[in-house]
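Architecture and fold: a report
Spelled out, the chains give:
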Amino acid sequence: MSAAGATLVVGGGGLVGSNVLRALARRRRVVVRAQVPWAEPDAARVALRAAAVEALAAAGGGPLDVAWCAGAGTVATTQDDLDREVAQFGAFLTDLEAEVPAGTDLAFFLASSAGGLYAGSSAPPFDERTEPRPLAPYGWAKIRMEEELLAAVQRLDAPALLGRLANVYGPGQNLAKAQGVVSRLCVAHLARSPLPVTVSLDTIRDYLFVSDAAEMIVTGLDGLRARRADTGERVVVKVMASGRSTTLSTMIAESNRVFHRRAPVSIVSSGSPGQVRDLRLRSVVWPELQSCARTTLAAGFERTAEAVAEDVVRRGPLVATTAGAR
């Protein structure tokens, strides 16, 4: 995006969205962060529409990027909550279309989930050519959101980047959600309480450090219009991953290295619904963006551990909760 214009970030309070805000700040971009009361659907729609109007004004007639990084859903989220999330996204797109003046230069990013979409797919490693086959309602909700955006950008003649994210981790992980194995291992070490593990130790995932994910997102948005001019592609599907496959046993060993003691883990099951053993990922689209994935697992784990330890100081004792592979 050129110097003129603005970026609207939805979901700026979450792990990915907050880091997208930081990446934009480093580039000195004009940013509007949507403040949304998600638990109140009607009020959320009003807030999202108001944020869109504010962002259009901030763009001053220049290009407007929209980065949708919101998403409270996990594989454990109920169907009703997922339906509400999809409906909120669709309503936002409808309202944005109603507010956008003719000729506005728009571009979109949607944070989606590689794990949710490819959980039932065959022949890993999975890439952009893999047919998505979700196993849980969470994955189907992500498919529906992608479809909502595809329809909207066709009507608006705007480019879009669908970022199918690997397991994103790092400082700021929401420990109230049933995900985040790196943070949960850190909590188990610091709380000195057993962490129940509900999947096999040879479960394979791709772990992407959150600031790397944010750089990939912002760099992708920056280059989206030029890519469309070069290739004619309106929509780019990009698997955003580190490209490194890591077993859960390796993650536990890494936590042992960082904390200088054995992790207090307890294997309570050899499998968990919606959790498959092998979710290796790779990307064959827009390979230049892979240079953003530069943080090693060792460095990322140490930075996460430091952040979780700081939370202990600020908030008091933590309690380890059940962990899968996400």
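Everything quoted here is computed from the prediction, not taken from an experiment.

Description of the overall build of the protein
Assigned secondary structure in the protein consists of nine helices and eleven strands. Its C-alpha atoms put the protein at 60 × 45 × 40 Å along the principal axes. Within the protein, the fraction of its 326 residues that count as buried is 55%. When contacts within the protein are restricted to residue pairs at least 6 apart in sequence, long-range pairs at least 24 apart make up 82% of them. As displayed, the protein offers around 13800 Å² of accessible surface, 52% of which is attributable to carbon and sulfur atoms. On the protein, the mean spot of the 36 positive side-chain charges and the mean spot of the 33 negative ones are 6 Å from each other.

Remarks on the sheet that holds strand 10 (residues 245-247)
The sheet built from three strands is open, its strands ordered 6-8-10 with mixed pairing. In this open sheet, the two edge strands, each paired with only one partner strand, are strand 6 (167-169) and strand 10. Averaged over all neighbouring strand pairs, the angle between strand axes comes to 55 degrees, with direction disregarded. Sitting on the sheet, helix 7 (residues 210-231) is in contact with strand 6 and strand 8 (204-209), with an inclination near 70 degrees to strand 8. Running over the sheet, helix 8 (residues 248-259) touches strand 8 and strand 10 and is turned about 75 degrees from strand 10.

Topic: helix 2 (residues 41-59)
Along its 19 residues, helix 2 runs 27 Å from first to last C-alpha, staying within 8% of the 27 Å computed at 1.5 Å per residue. Along helix 2, the residues classified as buried are A44, A47, L48, A51, A52, A55, L56 and A59. Its buried side turned inward, helix 2 meets strand 1 (6-10), strand 2 (31-33), strand 3 (64-68) and helix 3 (79-99). Phi turns positive one or two residues past the end of helix 2, at G60, with a value near 60 degrees.

Remarks on the packing of aromatic side chains
Enumeration according to the criterion identifies five aromatic pairs in this entry. Ring centres 5.3 Å apart and planes at 45 degrees place the aromatic pair W68 and F92 in the tilted group. Pair noted here: W68 is in strand 3 and F92 is in helix 3, with a separation of 24 residues, a long-range link. The exposure class of W68 is buried, given its relative accessible area of 2%. With a centroid separation of 5.4 Å and 70 degrees between ring planes, the pair formed by Y169 and F209 is classed as edge-to-face. One end of the pair, Y169, is in strand 6; the other, F209, is in strand 8, with 40 residues separating them in the sequence.

Rules used in this analysis
- Residues numbered from 1 in each chain as written.
- Predicted model: local features only at pLDDT ≥ 70, side-chain atom pairs only at ≥ 80, totals over all residues.
- Heavy atoms only, no water.
- Helix = DSSP H or I, 4+ residues; strand = E, 2+ residues; numbered from the N terminus.
- Buried < 20%, exposed > 50% of the residue type's maximum accessible area, 1.4 Å probe, protein only.
- Contact = heavy atoms within 4.5 Å.
- Areas by Shrake-Rupley, 256 points an atom, 1.4 Å probe, with all protein chains shown as cover.
- Lys, Arg positive; Asp, Glu negative; His and termini not counted.
- Charge placed at Lys NZ, Arg CZ, Asp CG, Glu CD.
- Pairing = 2+ DSSP bridges.
- Axes fitted to C-alpha atoms, helices over the stretch in contact; angles between N-to-C directions.
- Expected span 1.5 Å × (residues − 1).
- Phe/Tyr/Trp six-rings, centres within 6.5 Å; stacked < 30°, edge-to-face > 60°.

Don't take any of this as a statement about function, it's just geometry.
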